[in-house]
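# Secondary and tertiary structure notes
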Amino acid sequence: MAGCNGVSARNGVKNGLHRKPFIIGVAGGTASGKSSVCGRIMELLGQHEVDCKQRQVAILSQDSFYKVLTPEEKAKAFKGQFNFDHPDAFDNTLIEETLRNIIAGQTVHIPVYDFVTHARREGEFTTIYPADVVLFEGILVFYYRNIRDLFNMKLFVDTDADTRLSRRVLRDINERGRDLENVLVQYTTFVKPAFEEFCLPTKKYADVIIPRGVENKVAINLIVQHIQDLMNGGWKRHNGRNRSDSEGMEIPLH
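Let us look at the structure shown here. Not measured: the values here are computed from a predicted model.

Conventions and cut-offs
Residues numbered from 1 in each chain as written. Predicted model: local features only at pLDDT ≥ 70, side-chain atom pairs only at ≥ 80, totals over all residues. Heavy atoms only, no water. Axes fitted to C-alpha atoms, helices over the stretch in contact; angles between N-to-C directions. Helix = DSSP H or I, 4+ residues; strand = E, 2+ residues; numbered from the N terminus. Parallel < 35°, antiparallel > 145°, perpendicular 65-115°, else oblique. Left-handed = near helix turned anticlockwise from the far one by under 90°. Contact = heavy atoms within 4.5 Å. Nonpolar A, V, L, I, M, F, W, Y, C, P; charged D, E, K, R; others polar. Salt bridge = Lys/Arg side-chain N within 4 Å of Asp/Glu carboxyl O. Buried < 20%, exposed > 50% of the residue type's maximum accessible area, 1.4 Å probe, protein only. Phe/Tyr/Trp six-rings, centres within 6.5 Å; stacked < 30°, edge-to-face > 60°. Lys NZ or Arg CZ within 6 Å of the ring centre and 35° of its normal.

Two numbers describe a pair of packed helices, the interaxial angle and the distance between the axes. The N-to-C vectors of helix H5 (residues 161-175) and helix H6 (residues 180-199) enclose an angle of 135°; their axes lie 10 Å apart at closest approach. It follows that H5 is oblique to H6 by the angle criterion. Along this stretch, H5 crosses H6, giving a crossing that reads as right-handed. Residues Ala 161, Arg 164, Leu 165, Arg 168, Val 169, Asp 172 and Ile 173 of H5 lie in contact with H6, whose contacting residues are Leu 180, Val 183, Leu 184, Gln 186, Tyr 187, Val 191 and Phe 195. Among the residues forming the contact of H5 with H6, the class breakdown is ten nonpolar, one polar and three charged.

Shown next, in the form of structure tokens:
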């Protein structure tokens, strides 16, 4: 995630101005390439080389907002029996509160989630400073209307199921300490059914659908061009619009 690690956070606004940021939601199935798309956008904008306090574009991940598990839920998680792909697996109240604080121009601190221990790391967080554009990615960022309505633009990264499964297997084994059997059982028991029930139906809310994820250079370049306009003064015009005006904007890529 594009942010700063720390142990404390400050509230404030950049250069003494309250910039109402342009919030972009990025949804899609597990391992569809949401993070890669956001990372590529940051790279093309040159924002990955900018100090985190000065960045005009920031990235948040829904994965940071997994809820605090009860002892019973954590025991299920270690056995691979907890559904992390269900809408209720996330601290949706904290997500909405965080996004509203970002819109209000505040600096926020985001929990650091440990996928090995299934818990937030105590005393650790990522600091997100006020930015002109904020990308918020996750499998179910469009599921709840209260959260969905906070986005000025909604992107859906559409990648075929076989590719997503192979990516998830490699990721969970290499990065999260899972074994192959555990990954496959969890996928067939929870991930695939949850995608079909909760994630896929939210595709209808997307303004832009990005087939093949980061490989779709045309789509990403068009989105980057739009963000560049916002960074180069377009945020002033955006702040002069009401929310219904900004929500009506679409880029015809799908």
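That was the structure; now back to the text.
We now examine the pattern of salt bridges. This model, assessed by the stated rule, comprises eleven salt bridges. For Asp 149, the salt bridge is made with Arg 145, and the minimal N-O distance between the two is 3.1 Å. For Asp 149, a relative accessible area of 30% corresponds to the partly exposed category. Of the residues examined, Arg 145 reaches a relative accessible area of 56% and is grouped as exposed. Close ionic contact of Asp 158 with Lys 203 constitutes a salt bridge, the shortest N to O distance being 2.8 Å. Within this pair, whereas Asp 158 is found in strand S7 (residues 153-158), its partner Lys 203 is found in the loop between H6 and strand S8 (208-211), the two being separated by 45 residues in sequence. The exposure class assigned to Lys 203 is partly exposed, which follows from its relative accessible area of 25%. Linked by salt bridges that have partners in common, Asp 114, Arg 121 and Glu 124 make up one network.

Under the counting rule described, the total for this entry stands at eleven aromatic pairs. On the basis of an interplanar angle of 70° and a centroid distance of 5.2 Å, the ring pair of Tyr 113 and Phe 115 is categorised as edge-to-face. Residue classification places Tyr 113 among the buried residues on the basis of a relative accessible area of 8%. Ring plane angle 65° and centroid distance 5.9 Å describe the contact between Phe 142 and Phe 151, whose orientation is recorded as edge-to-face. The class for Phe 142 is buried, based on a relative accessible area of 0%. A network of ring pairs unites the aromatic residues Tyr 66, Phe 82, Phe 84, Phe 90, Tyr 113 and Phe 115 as a single cluster. Across the ring face of Tyr 205, the terminal group of Arg 148 is positioned such that the distance to the ring centre comes to 3.7 Å. Over the aromatic face of Phe 195 sits the side chain of Arg 164, whose NZ or CZ is 4.1 Å from the ring centroid.

The phi torsion of most residues other than glycine is negative, and most of the peptide bonds are trans. One non-glycine residue, Ala 31, lies in the positive phi region at around 60°. By the element assignment, Ala 31 lies in the loop between strand S2 (22-28) and helix H1 (34-44). A relative accessible area of 13% means that Ala 31 is categorised as buried. In this structure, His 118 is a non-glycine residue whose phi angle is positive, near 60°. Note on placement: His 118 falls in the loop between strand S4 (108-114) and strand S5 (119-128).

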